[in-house]
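# Close look at the chain arrangement
If you want the building blocks of each chain, they are given just below.
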Amino acid sequence: MATYKTVKRECLIDFLKSHSKYSFTVREIAAEMSSDNTIKSVPSESTVYRLMREMEREGTVRRYIDPKNREYVYCLAGNDDIPVNMRCKVCGNVYTVDGETSRRIKEEIVSCGAAVPADSIEFLVKCKNCSE
Ligand SMILES: [Zn+2]
C-alpha cells in the first residue's frame, strides 16, 4: 500500500523534528500539537496513532516502552541518516548515493510495502568504469 503524504503527516514529522531530543506518547503529541498555534493542520489523537504506526513500519519513527509509566513513546528514527550504497558487481567498488536520491530510494522501498533497514541499504550495480 502506498504511503499518503498528507499535510497532517508533514506537520507531525515537523513537530517530531523540532522536538527530536524528546519522546512522546500519542496523547502527548496530540496535546502538544493542538496547543501550538503555528501548526497548520493538527491531527486528532486517533490520526496521530495511525500515522505513528505507519511511520514506525517504514522506519521513520521508533517506538519503545517508557520505563517510568509503561506507556509507548515515539521518537524520530533519523531515517535520513541511513546510508544508501551502490556496490559494483564487477570490481566491487562501493559508491555512496547522494542525499536526495537516497531519500527517494527509501520512499520507493516503503511504497512497495517493504521497510528501510536500520543500518544501511546496498544494491548491486555495474559501475561507470566497468560498463564502458
Ligand atoms: Zn566496477
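The sections below set out a description of the structure shown in this document. By convention here, each chain's residues receive numbers from 1 onward along its written sequence. Thresholds applied to this predicted model are a pLDDT of at least 70 for local features of residues and 80 or more for the giving and counting of side-chain atom pairs; totals over whole chains, interfaces and linings are not thresholded and use all residues.

A few words now on the overall build of the protein chain. Secondary structure elements follow DSSP: runs of H or I of four or more residues count as helices, runs of E of two or more count as strands, with numbering from the N terminus. Each helix and strand in the protein chain was counted, giving five helices and five strands. Ordered by position from the N terminus, the helices and strands of the protein chain form the series α-α-α-β-β-β-β-α-β-α. Exposure classes come from backbone-placed C-beta atoms, where a residue is buried if 20 or more other C-beta atoms lie within 10 Å of its own, exposed if 12 or fewer do, and partly exposed in between. Considering the protein chain as a whole, with its 132 residues, one finds that 16% of them fall into the buried category. Residues are scored as being in contact if the C-beta atoms we place from backbone atoms lie within 7 Å. Look at the contacts in the protein chain between residues 6 or more apart in sequence, and 57% of them connect residues 24 or more apart.

What helix α2 (residues 26–34) keeps buried is the set V26, I29, A30 and M33. For α2, the angular spread of the buried residues around the axis is 95°, confining them to a single face. Where α2 is buried, its residues meet α1 (7–18) and α3 (45–57). Arc definition: directions from the helix axis to the C-beta atoms.

Counting residues in each nonpolar core, the largest one holds 15 residues, and the members touching the most others are I29, V48, M52 and V61. Breaking this core down by element, the ones donating at least two residues are α1, α2, α3 and β2 (71–76). We define the nonpolar core as any set of buried residues of the types Ala, Val, Leu, Ile, Met, Phe, Trp, Tyr and Cys, connected via C-beta atoms lying within 7 Å of each other.

The next point concerns α3. To estimate the expected span of a helix, subtract one from its residue number and multiply by 1.5 Å. Taking 1.5 Å per residue, 13 residues should reach 18 Å; α3 reaches 19 Å between its end C-alpha atoms and fits that length. Considered for burial, the residues of α3 that qualify are V48, L51, M52 and M55. Looking straight down α3, one finds its buried side chains confined to an arc of 105°; they lie on one side. Considering only its buried residues, α3 is in contact with α1, α2, β1 (61–66) and β2.

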